[in-house]
Amino acid sequence: MVKTNVKVFVRARPTATRDDGLKLSPDSGNVQLHVPKDASMGLINNQQETFAFKYDGVLDNASQEETYTAVGHEVVDSLLSGINGTIFCYGQTGAGKTYTMAGDGRDYRQRGIVPQALHHLFREIDMRVDKIYRVKTSYLEIYNDQLYDLLSDKPGSSDSLAILEDAHGGTYVRGLTQLPADSEEAALMSFFAGDQGRSTASHILNASSSRSHCVFTIHVEMRFSEAASERAILSKLHLVDLAGSERTKKTGVSGQTLLEAQFINRSLSYLEQTVNALTKRDASYVPYRQSKLTSVLRDALGGNCKTVMVAHVFGEPGHVEETLSTLRFASRVRTLVTDVSSNESNDPGLLLRRYERQIKELKQELAMRDALSGRGRISYDDLSQAEVRAMHQLARTYLAGDADLEQLPVDTVRSIREMYKQMRAVFQATKADGGTASDGTTSTEAHASQQRQQQPAASGDDADGVGAVDASGGGFGVGTAPPGAKPALAPGTPRSPHRLITPNGPAAGASGAASPLPSSPAATMGGSLGGVMMGMAERRVAFSHFKKEAPDGTALAAVVAQRTQHLTELKRVVRASAAAVNAAKADIDRLGAEVAAAVAAAPPVGEDVVDAERHTLVAQLKAAKLKYRTTFDLLKEQRNELESCMLGVAEAKQQLIEAFNQWADTPGAALGDLEDDGTEDLDAGEAFERMQRARTMATNPDGAAFQAASRKTAVRPGALAGTTGGGGGTQRFGGVKAKGEAMRKREHELAIAAGLARG
Ligand code: ADP
Ligand code: MG
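None of these values were measured; they are calculated from a predicted model.

Regarding the overall build of the protein chain
At step 1: Looking only at helices and strands, the protein chain features 20 helices and 18 strands.
At step 2: Counting only residues that meet the buried cut, the protein chain has 51% of its 759 residues in that class.
At step 3: For the protein chain, the exposed surface amounts to about 34400 Å²; the carbon and sulfur share of it is 53%.

Examining the packing of helix α5 (residues 184–195) against helix α19 (residues 704–713)
When two helices pack together, their arrangement is given by the angle between the helix axes and the distance between those axes.
At step 1: The N-to-C vectors of α5 and α19 enclose an angle of 40°; their axes lie 9 Å apart at closest approach. Comparing their axes, α19 and α5 come out oblique. Judged by the twist between their axes, the crossing of α5 over α19 is right-handed. Mapping the contact onto sequence places Glu-184, Glu-185, Leu-188, Met-189, Phe-192 and Ala-193 in α5 and Ala-705, Phe-706, Ala-708, Ala-709, Ser-710, Lys-712 and Thr-713 in α19.
At step 2: For the contact of α5 with α19, the class distribution of residues is eight nonpolar, two polar and three charged.

Topic: the environment of Asp-60
At step 1: Mapped onto the elements of the fold, Asp-60 is located in strand β6 (residues 57–60).
At step 2: Of the residues examined, Asp-60 reaches a relative accessible area of 22% and is grouped as partly exposed.
At step 3: The spatial distance from the C-alpha of Asp-60 to the C-alpha of Arg-13 is 7.6 Å, given a sequence separation of 47 residues.
At step 4: A distance of 3.0 Å separates polar atoms of two side chains, one belonging to Asp-60 and the other to Arg-18.

Observations regarding the pairing of strand β9 (residues 146–149)
At step 1: Because side chains alternate across β9, one face comprises the buried residues Leu-147 and Asp-149, and the other comprises Gln-146 and Tyr-148, none of which is buried.
At step 2: Here strand β8 (residues 131–143) pairs with β9 via four bridges, running antiparallel. Counted as the bridge partner of Glu-141 is Tyr-148 from β9.
At step 3: Remark: two residues form the turn of the hairpin made by β8 and β9, two consecutive strands paired antiparallel; Asn-144 in that turn has positive phi of roughly 50°.

What to know about unusual backbone geometry
At step 1: Notably, Asn-61 is not glycine yet its phi reads approximately 55°, a positive angle.
At step 2: You can see Asn-61 is positioned in the loop between β6 and α1 (64–71).
At step 3: Overall, the relative accessible area of 63% leaves Asn-61 in the exposed class.

A short note on the packing of aromatic side chains
Between two aromatic rings, the relevant description is the distance of the centres plus the angle of the planes.
At step 1: Inspection of every chain in the model, using the stated rule, returns twelve aromatic pairs.
At step 2: Here the aromatic rings of Phe-191 and Phe-192 are separated by 6.0 Å at their centres, their planes lie at 45°, and the arrangement is tilted.
At step 3: Using a relative accessible area of 1% as the deciding quantity, one classes Phe-192 as buried.
At step 4: Chaining the aromatic ring pairs together yields one cluster made of Tyr-108, Tyr-139, Phe-191, Phe-192, Phe-216 and Phe-706.
At step 5: Here Arg-13 stacks its cationic end above the ring of Phe-314, 4.5 Å away from the centre of that ring.
At step 6: One residue, Arg-111, lies across the ring of Tyr-108, its end atom 4.0 Å from the ring centre.

A few points about the sheet that holds strand β3 (residues 22–25)
Adjacent strands of a sheet form backbone hydrogen bonds with each other and so pair up, either parallel or antiparallel.
At step 1: Here three strands make up an open sheet; going across it, the order is β3-β4-β5 and the pairing antiparallel. Across the chains shown, the open sheet's two edge strands, defined by having one partner strand only, are β3 and β5 (50–54). On average, each strand axis in the sheet is tilted by 10° relative to the strand beside it, whichever way the strands run.
At step 2: Bridge analysis of β3 against strand β4 (residues 30–34) gives four bridges, and the strand direction is antiparallel. Paired with Ser-25 across the bridge in β4 is Asn-30.

Comments concerning the pattern of salt bridges
In a structure, side chains of opposite charge can pair up when their charged atoms sit close to one another.
At step 1: The full count for this structure, using the stated rule, is 21 salt bridges.
At step 2: Taking the shortest distance from any N to any O, the salt bridge between Arg-123 and Asp-702 comes out at 3.3 Å. Highlighted residues: Arg-123 in helix α4 (residues 113–127) and Asp-702 in the loop between α18 (684–699) and α19, separated in sequence by 579 residues.
At step 3: Under the relative-accessibility criterion, Asp-702 is labelled buried at 16%.
At step 4: The residue Arg-629 makes a salt bridge to Asp-633 at a minimum N-O spacing of 2.7 Å. Taken together, the residues span about one helical turn, with Arg-629 and Asp-633 both in helix α17 (residues 608–665) at a distance of four residues.
At step 5: On the basis of relative accessibility, which here comes to 38%, the residue Asp-633 falls in the partly exposed class.
At step 6: The structure contains a network of salt bridges with shared partners spanning Lys-7, Glu-74 and Lys-306.

Some details on the environment of Glu-387
At step 1: Examined against the element boundaries, Glu-387 turns out to sit in helix α12 (residues 385–399).
At step 2: Look at Glu-387 and you get partly exposed, because its relative accessible area is 40%.
At step 3: Sequence-wise, Glu-387 and Ser-415 are 28 residues apart; in three dimensions their C-alpha atoms are separated by 9.2 Å.
At step 4: Polar contacts involving the side chain of Glu-387 include one to the main-chain amide nitrogen of Ser-384, which spans 2.7 Å.

Section: the UniProt feature "binding site: ATP" (unreviewed entry) in the protein chain
At step 1: When the UniProt feature table is mapped onto this chain numbering, "binding site: ATP" (unreviewed entry) sits at Gly-91, Gln-92, Thr-93, Gly-94, Ala-95, Gly-96, Lys-97 and Thr-98.
At step 2: The topology assignment puts Gly-91 in strand β7 (residues 85–91).
At step 3: For Gly-91, the residues in contact, after removing those within four places along its chain, are Lys-97, Ala-243, Gly-244, Ser-245, His-312 and Thr-326.
At step 4: Note on placement: Gln-92 falls in the loop between β7 and α3 (97–101).

A word on the confidence of the model for the protein chain
At step 1: The predicted model of the protein chain averages 73 in pLDDT, with 65% of residues at 70 or higher.
At step 2: Considering only residues more than four positions removed or in separate chains, one finds that residues 437–533, a stretch of pLDDT under 50, has 185 contacts.
At step 3: Note that residues 669–683 has pLDDT below 50 and, in this model, 58 contacts with residues that lie over four places away or in other chains.

Brief notes about the environment of Gly-94
At step 1: Note on placement: Gly-94 falls in the loop between β7 and α3.
At step 2: You can call Gly-94 buried: its relative accessible area is 12%.
At step 3: For the pair Gly-94 and His-312, spaced 218 residues apart in sequence, the C-alpha separation works out to 9.1 Å.

Quick look at the side chain of Asp-149
At step 1: Within the secondary structure, Asp-149 sits in strand β9.
At step 2: On the accessibility criterion, Asp-149 (7% relative accessible area) is buried.
At step 3: Looking at Asp-149, its side chain comes within polar contact range of the main-chain nitrogen of Leu-151, at 3.0 Å.
At step 4: In this structure the side chain of Asp-149 is engaged in a polar contact, spanning 2.5 Å, whose partner is the side chain of Thr-177.
At step 5: When neighbours within four sequence positions are excluded, Asp-149 is seen to be in contact with Tyr-139, Leu-161, Gly-175, Leu-176 and Thr-177.

A word on the side chain of Glu-418
At step 1: Summarising the element assignment, Glu-418 is placed in helix α13 (residues 413–433).
At step 2: It is Lys-421 that comes nearest to the buried, bridge-free Glu-418 among opposite-charge side chains, at 5.9 Å.
At step 3: One polar contact links Glu-418 to Thr-616, side chain to side chain, over a distance of 3.0 Å.
At step 4: Setting aside residues no more than four positions away along its own chain, Glu-418 makes contact with Leu-383, Val-388, Met-391 and Thr-616.

Here's the deal with α5
At step 1: Across its twelve residues, α5 extends 16 Å between first and last C-alpha, which sits within 8% of the 16 Å expected from 1.5 Å per residue.
At step 2: Among the residues making up α5, those that are buried are Glu-184, Glu-185, Ala-187, Leu-188, Ser-190, Phe-191, Phe-192, Gly-194 and Asp-195.
At step 3: As for α5, its buried residues are in contact with α4, β8, β12 (179–181), β13 (213–224) and α19.

Definitions and limits used
- Residues numbered from 1 in each chain as written.
- Chains lettered and ligands numbered in written order.
- Predicted model: local features only at pLDDT ≥ 70, side-chain atom pairs only at ≥ 80, totals over all residues.
- Heavy atoms only, no water.
- Helix = DSSP H or I, 4+ residues; strand = E, 2+ residues; numbered from the N terminus.
- Buried < 20%, exposed > 50% of the residue type's maximum accessible area, 1.4 Å probe, protein only.
- Areas by Shrake-Rupley, 256 points an atom, 1.4 Å probe, with all protein chains shown as cover.
- Axes fitted to C-alpha atoms, helices over the stretch in contact; angles between N-to-C directions.
- Parallel < 35°, antiparallel > 145°, perpendicular 65-115°, else oblique.
- Left-handed = near helix turned anticlockwise from the far one by under 90°.
- Contact = heavy atoms within 4.5 Å.
- Nonpolar A, V, L, I, M, F, W, Y, C, P; charged D, E, K, R; others polar.
- Polar contact = N/O pair within 3.5 Å; in protein donor to acceptor, adjacent residues only side chain to side chain.
- Pairing = 2+ DSSP bridges.
- Phe/Tyr/Trp six-rings, centres within 6.5 Å; stacked < 30°, edge-to-face > 60°.
- Lys NZ or Arg CZ within 6 Å of the ring centre and 35° of its normal.
- Salt bridge = Lys/Arg side-chain N within 4 Å of Asp/Glu carboxyl O.
- UniProt positions renumbered as here; feature names shortened; annotations may be inferred.
- pLDDT = per-residue confidence, 0-100.
- Lys, Arg positive; Asp, Glu negative; His and termini not counted.
- Expected span 1.5 Å × (residues − 1).

Given below as structure tokens:
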């Protein structure tokens, strides 16, 4: 058991007008708050005007990633070692609690602690091959001191839920749905789905403020893959988004909302009382049971749990009172001490069983060593991948009759088992392939590559794995016309850039001439095409002509075509890498399932052959994971390149359209053959939208699961952090997302202005 202080971070919501009295020092963790005397409303001590606090960290202008690194990373790492954790967000409504915990469910870049924790968790699980993990999620809401199961298919019923004590003095909620999650995406989907059921009520500080406490819990079950008889170790992480801590009088509410506010205030004041009682050295009575919230948080406040609090402040003038009360509570919480110990090392029975198994194995090894006395030191470590491969080759050679019995290894129990295992693998592979496996790969590898080939290249939005790239080759038709797509020109047709051609006849005007051409519906009124309401179809034809005939147009179109071709090549490369990543992932999943099945089907310890089989599977799993990592890293690099290439294409297209506008609006400019070559499809808005999506994916290949879960649960706007605003000022911190939207809009406007797309 290690005594640990609860860690406390302060996060400030960005403001346009930061209260001069609030000084945040992210480097030192210090916060200073100056309170003008006249702001006192009884709560504030008139004698004291400046308050100083110290915390474990101050997050001011911190990104969501930085916040997770500071607040969540360590707790999730511990969770995987069997240590319970709690992260809870506290603060007045509108200060950013939900933003920190959940973030924006539609925007990967604004994802909060929960999605980041799930990503981190599943990634780690993939890397830890020596253990088998099972993850479940639950989502509890406490509203008016009643418990609600957000993942139940019968929402609203709370009667069956009860908070009980477990054997170790911790608490759990009986009857709460626990949904198994075998992937990041599945876990995220429970979270998003549960989030949609949260009780919200309008409130003057924030239009979509939550009036309830929400506890999303990640339950992790860990087993040692090599010891099926050992009991699983359970640990859990509570991610808690508390209701607003503001005092009722300020928010001007009445009726039901007032009742809620009273419940919220009461449960938070019980939380304060509990914290106060715990901070007293000789606390004989801690009022945990007074409210559901304190009962649920019991471990987090004083039990076996690694606890982190994120206190939120909204540092605009007018909130000084709430800020002070949040800061004071936060520094009291920081003095709380919990007893952190791994649930794994806690269990003596478990340790005993593991030692027994180890001793048995060692005895077998030693007996073998004795029998072979006279030989040098023998390694008892796991066989390397190369050794396994060498044995596979040897098995093949031996079975083909090209090796002697003496060549087979007999130095350790492990290698003998491996040899048997490989013999079987070769035999089965030969049986399955009709004897064609001859490339030296193991049967598992052969199977994997077979799978790779069968797997269609990931494409489009619905591909589940990482690496879904837009397979359509750009969508935006400008500049991609193949050379042969050029419409036939009548022989002798002048190729001057501004030639005028009537729909029914050859050239009828000289270049640069401002002569109107009544016969052309598109070139009336002084010859200026800009002054003509040209139809979109005509405009498109003109555009096509511009690209093929005008010197500027051909040059710019060539740039677009060249960059697009490069983009297409890059996309092919990225798709291939993505397929490799997906194949590696499929291997991991399959081998993981095989390992799990082998464990489940394992007879009592001592059946050696089965043990050896598991060894090999685990080694193969390890190799597959390594492969996954390397291909994944490569993919990430390639995607960065893809992104800059996409930007290059967008830029070239923009230049082309601008030049076209200029050309078309110049007096005397003319239209080409009014014959649509059919290759243009300029729904620029859609094209840019798609590009934008691809761009997000290109920058964040890690976000595949998030994007998929977000899409599948179709999070409604503003369902999570009050993204619709309120509190005055969301628009100000729109950041990247807003920029992306503005860019998309501008680009769409550009195409509309050029008459190439509809508004
Ligand atoms: P709470 O849950 O504490 O009531 P929210 O998380 O709903 O508050 O935040 C209120 C508003 O402020 C939301 O629109 C949210 O997007 C925005 N917001 C809060 N914190 C930040 C931040 N650190 N960066 C950008 N926007 C933020
Ligand atoms: Mg909230």
